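These are the residues of each chain, in order.
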Amino acid sequence: MERDTVAKIALHAATYTIDKPYDYLVPPELKDCLKPGMRVIVPFGAGNRRTEGIVLVLENGCSYDPKRKNVLTLLDEEPVLDTQALRLALWMRERYFCTVYDAARAMLPSGLYFSLQDKWSITHGVDREQAYEVAGRSESAKHLLELIYAWGGSAEVAQIKEAFGTRDPNPALKLLRERGILTLETSAERGIGDKTERVASLAISPEDAMALVSGKRRSAPLRYAVVELLCTVGSASAKEICYFTGASNATLRSLEKSGILSLEQREVFRRVTVDGVEPSEPPILNSEQQAAFEGLNALAAAEKPAVALLYGVTGSGKTQVYLRLIQAVLSRGHTAMLLVPEIVLTPQLLRIFTSCFGDDIAVLHSSLRAGERYDEWKRVRAGKARVVIGTRSAVFAPLKHLGLIILDEEQEYTYKSENVPKYHARDVAKFRCAQNDALLVLGSATPSVESMYYAKQGTYHLFTLKQRYNTRALPAVILADMKQELRAGNGTTLSGPLRQAIAKNLSAGEQSILFLNRRGASRMLSCGECGAVPTCPRCSVHLTYHSANGRLMCHYCGHSERVPETCPQCGGTLNFIGFGTQKVQEELQTAFPGVEVLRMDTDTISATHTHEKLLSRFEREKIPILVGTQMVAKGLDFPNVTLVGVVAADLSLYVDDYRAGERTFSLLTQVVGRAGRGEKNGRAIIQTYTPENDVIICAARQDYDTFYEQEINLRRMRGCPPFCDLFVLTASGRMESAVLKTCMRLRRSLEEWLSRPPLDQLNAQLLGPAPASVAKVNERYRYRLTLACRNTREVRAMVAYLLRCAQTDKENKGVSVSADVNPLD
DNA sequence: AGCACGCCGACT
DNA sequence: GTCGGCGTGCTC
């Protein structure tokens, strides 16, 4: 019996329902080079269409199986995922209801992605007559040959499909391939290549080299200069040598020919440099920080995994503790990772870490260019960078010997992915730490209710920093009751107390920041006469105005249209509406004529007017007032800002989400903390329509402990995390009635599972079907069921089973279903 | 999801 | 006879 080598492969073409490791035969020529974690091209399905896959396991000595197809092409020279990463992908499938391939792909930088292109061409050595003879009476085969010959003997699948229109080219393709007339080749193209440069170094000893050129110092000064340079620096890139000596490539080549120097290609890494950074000494910790550091360091050094919550009030110096901890981890030969919610909002942090670790850090986030991101990833994989700083997806960075992951501002929702796989970076980090006996540190000034609960339970270790490092008191906070303002005849967005405070700041020459509590500053148009708002034709959302292209756009499906001259409903005039930053800016300009007001939101931020440039202008030119959205809430540290105003604190409070209170508290706390960072004391004014609301009151007092106690009781009562997890099953499709029916069937199956042992013990709550928060996207209606219960393996297995059933069920034709745990909306 | 197979009626 | 429509079932 033959002894075959078989690769178990996770496939791109496999949907969630049929996702499993597929067995492929490894051909002899690939036996020596194929390893787990490498990507390959394989044929799949009855039509043998080509698809990408990632090798999970190799098994030697397998018996022959006629079902098996061959691995066709190897795409990687070395594995792109190691054993730990592959195990993580399997874990993610079980946890997030995605395919293994989806999970694996999320771990790789997009520069590493391949796009497959199928090309059909006339087989070598086949002439036209022969080909047409084989095509025989088949009209479509003859048509196909005509097309391919007209295109010069080969054509891409998309090309053929387009030319065939409604007709199916597949039977003709199959016929001509079986008779040897056509061949299918699949090429894989990668968007980003490896960048290299030519590097020159001396091929002989410096003394010999100098001896060879010094005689001709006059006649060949360039050769002399190049050798002299190389004697002092050892080796340098061809580009640099030419720049410094004035030599040309010809000079270098001739020196190479004489055997004096050698030229070779070396890989270079594209990097974004952080400028103006000087190496700095490790920070000196105060006694509180030192205690936290020692406790955390002991956990990091231990031989078992642990999770710690570092609860430090704004300005207590968590960053210094992170720095020392990372240094300690590195000194033990391990690597470390620092995750942040949004990197462009924390340029200071990047500067501090660069000054401390230099090239030992790699920065990974989405606003890098694909080449830069890919190269940073390669530096991490090669062990050239031992510290990773990045946003959500950086949690997958290929660090070896991981000793520490820090999630800064762990309560931030940006750690949860909205795309498939819908993972939470906190969970992935926890899993990776468990794999490596590493420490996970969750840092926050306003910890998520879940994390604090686990810390109080003793599941997490708790460390607290209570002192502000400049020992400055927290800003004095005033609540402004907007209902009263309205009654008093003030219909503007600026309350009396806020106006007075701004006026006071203007005369004192101090700066103020006004914060608009709203995600993204979307600008909508509305009709002045009938109140109609332009809506997306394909989705149930309002269109928002984009100043970049001057068009109305839909954030969900990408639809864009010209701004209509008049209201499409009644012909009235359209105006910008909403509680936008622009409106606040206008009102400020009316209230304080001649005073400059800087506005910062998605509308005023662009490639040239970056977030950072705007802020530095605000600081440098001492512009009196800054109005902005979320962007102004984080990490700003301007000594001359002594007043912070929250325009409408309630806006984030009354959304249909169990985290609304937590989010509002956290935001208000962060914003209030922006005032009085310098010598002078700060003030904050929170405008609200509900001054009696507990969350608002706690935020105004900066009283996290009371907020936590109230919130945890609410969560317990309502059955929200951490007591329960919310499994949201979403069905979507073009036919609203079919979508609803699918939901009802799903609900019945769920009810049945939940009524029988062992799941009847769970005390699970089932809600819905209800329309999703955006009920229609891209002409597809979306309804959802919510299952509130403990997130156990049994429940996940049931949900996975029901998803697979629903996807296979013929009754659910035209409807797709998916699941998400604790989604954002 | 995407493809083939098989069964049906329509057209030449 | 052949072509194209649609329902069904499988994917190493």
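Please read all numbers here as calculations on a predicted model, not as lab measurements.

**Q** How should the protein's contact with DNA strand B be read in this particular structure?
**A** Taken together, T15, A46, G47, R49, N170 and K174 make up all the residues around DNA strand B. Counting only the atoms of DNA strand B that lie within 4 Å of the protein, the sugar and phosphate share comes to 100%. At 3.4 Å, a side-chain N or O of K174 approaches a phosphate oxygen of DNA strand B. Of the residues contributing to the surface near DNA strand B, the split by class is one nonpolar, three polar and two charged.

**Q** Quick question: what am I supposed to make of the environment of V134 here?
**A** Along the chain, V134 falls in helix α3 (residues 128-135). Considering only alpha carbons, one finds V134 and E77, 57 residues apart in sequence, at a separation of 40 Å.

**Q** I tried to follow the sheet that holds strand β13 (residues 306-312) on my own but got confused; where do I start?
**A** Pairing between sheet strands relies on hydrogen bonds along the backbone, with the strands arranged either parallel or antiparallel. Strand order across the open sheet formed by seven strands is β15-β16-β14-β17-β18-β13-β19, with parallel pairing between neighbours. Since the sheet does not close on itself, it has two edges, and those belong to β15 (361-364) and β19 (461-465), each with one partner. For this sheet the average axis-to-axis angle between neighbouring strands, irrespective of direction, equals 15°. Where strand β14 (residues 335-339) meets strand β16 (residues 387-390), four bridges bridge the pair, whose relative direction is parallel. By the bridge assignment for β16, L338 is matched with I389. The sheet strands contacting helix α11 (residues 287-301) are β13, β18 (439-444) and β19, and the helix crosses β19 at an angle near 160°. With respect to the sheet, helix α12 (residues 318-331) is in contact with β13, β14, β16, β17 (402-408), β18 and β19, its orientation differing from that of β17 by roughly 170°.

**Q** I would appreciate a short explanation of the protein's contact with DNA strand C in the present structure.
**A** Taken together, 14 residues are adjacent to DNA strand C, and K20, D23, F44, K69 and R167 come closest. Note that a phosphate oxygen of DNA strand C is positioned 3.2 Å from one of the side-chain N or O atoms of Y24. For the surface near DNA strand C, the per-class residue count stands at five nonpolar, one polar and eight charged.

**Q** How should I be thinking about the side chain of R659 in this particular structure?
**A** By the element assignment, R659 lies in the loop between β29 (641-646) and α21 (660-672). R659 sits in the buried class, given a relative accessible area of 11%. Of note is the side chain of R659, whose polar atom sits 3.4 Å from the backbone oxygen of N822. When neighbours within four sequence positions are excluded, R659 is seen to be in contact with R715, N822, P823 and L824.

**Q** In this structure, what is going on with the UniProt feature "binding site: Zn(2+) 2" (unreviewed entry) in chain A? I would like to understand it.
**A** UniProt records the feature "binding site: Zn(2+) 2" (unreviewed entry) at C536, C539, C554 and C557, using the numbering of this structure. On the basis of their most widely separated C-alpha atoms, the annotated residues across 22 residues gather in one place, lying no more than 8.7 Å apart. Judged by its relative accessible area of 2%, C539 falls in the buried class. Among all residues touching C539, those that are not within four sequence positions of it are C554, Y556, C557, K776, V777 and N778. In this fold, C554 is placed in the loop between β24 (551-553) and β25 (560-562). The contacts of C554, once residues within four sequence positions are left out, are C536, C539, V541, L543 and H559.

**Q** How should I be thinking about unusual backbone geometry in this particular structure?
**A** Across the chain, the bulk of peptide bonds are trans and the bulk of non-glycine residues have phi less than zero. Here P721 and P722 are connected by a cis peptide whose omega angle stands at 10°. The residue P722 is located in the loop between α23 (704-718) and β31 (725-733) in this model. The step from G768 to P769 runs through a cis peptide bond, and the omega angle for that step is 5°. Take P769: it is sitting in strand β32 (residues 765-777). Despite not being glycine, N763 shows a phi value in the positive range, around 60°.

**Q** Would you explain the UniProt feature "binding site: Zn(2+) 1" (unreviewed entry) in chain A in this entry?
**A** If you check UniProt for "binding site: Zn(2+) 1" (unreviewed entry), the listed places come out as C527, C530, C567 and C570 in our numbering. Their sequence span is 44 residues, while the largest C-alpha to C-alpha distance among them is just 8.5 Å; these annotated residues converge on one region. Relative to the assigned elements, C530 resides in the loop between β22 (524-527) and β23 (544-546). With sequence-adjacent residues up to four places away left out, C530 is seen in contact with C567, Q569 and C570. Structurally, C570 can be placed in the loop between β25 and β26 (574-577).

**Q** How should the pairing of strand β30 (residues 683-688) be read in this particular structure?
**A** Within a regular strand, side chains alternate between the sheet's two faces. The buried count for β30 comes to five of six residues, which makes it a mostly enclosed element. When strand β20 (residues 476-481) meets β30, the two strands line up parallel, connected through six bridges. Opposite V477, over in β30, you have A684 as the bridge partner. Direction of pairing for β29 relative to β30: parallel, over a ladder of four bridges. Looking across to β30, one finds that L643 is bridged to R683. Handedness of the crossover is the feature at issue here: the chain leaves β29, passes through α21, returns alongside β30, and the resulting connection is right-handed.

**Q** When you look at the environment of T17 in this model, what are you seeing that I'm missing?
**A** Tracing the backbone through its elements, the reader meets T17 in the loop between β1 (4-11) and β2 (22-25). Separated by 81 residues in the primary sequence, T17 and C98 place their C-alpha atoms 9.6 Å from one another. Beyond its immediate chain neighbours, meaning those up to four positions away, T17 contacts R804, Q807 and T808. Within the structure, T17 has its side chain in polar contact with the side chain of Q807 (distance 2.4 Å).

Rules behind the numbers
Residues numbered from 1 in each chain as written. Chains lettered and ligands numbered in written order. Predicted model: local features only at pLDDT ≥ 70, side-chain atom pairs only at ≥ 80, totals over all residues. Heavy atoms only, no water. Near = heavy atom within 4 Å. Polar contact = N/O pair within 3.5 Å; in protein donor to acceptor, adjacent residues only side chain to side chain. Nonpolar A, V, L, I, M, F, W, Y, C, P; charged D, E, K, R; others polar. Helix = DSSP H or I, 4+ residues; strand = E, 2+ residues; numbered from the N terminus. Pairing = 2+ DSSP bridges. Axes fitted to C-alpha atoms, helices over the stretch in contact; angles between N-to-C directions. Contact = heavy atoms within 4.5 Å. Buried < 20%, exposed > 50% of the residue type's maximum accessible area, 1.4 Å probe, protein only. UniProt positions renumbered as here; feature names shortened; annotations may be inferred. Right-handed = clockwise from strand over helix to strand, strands pointing away.

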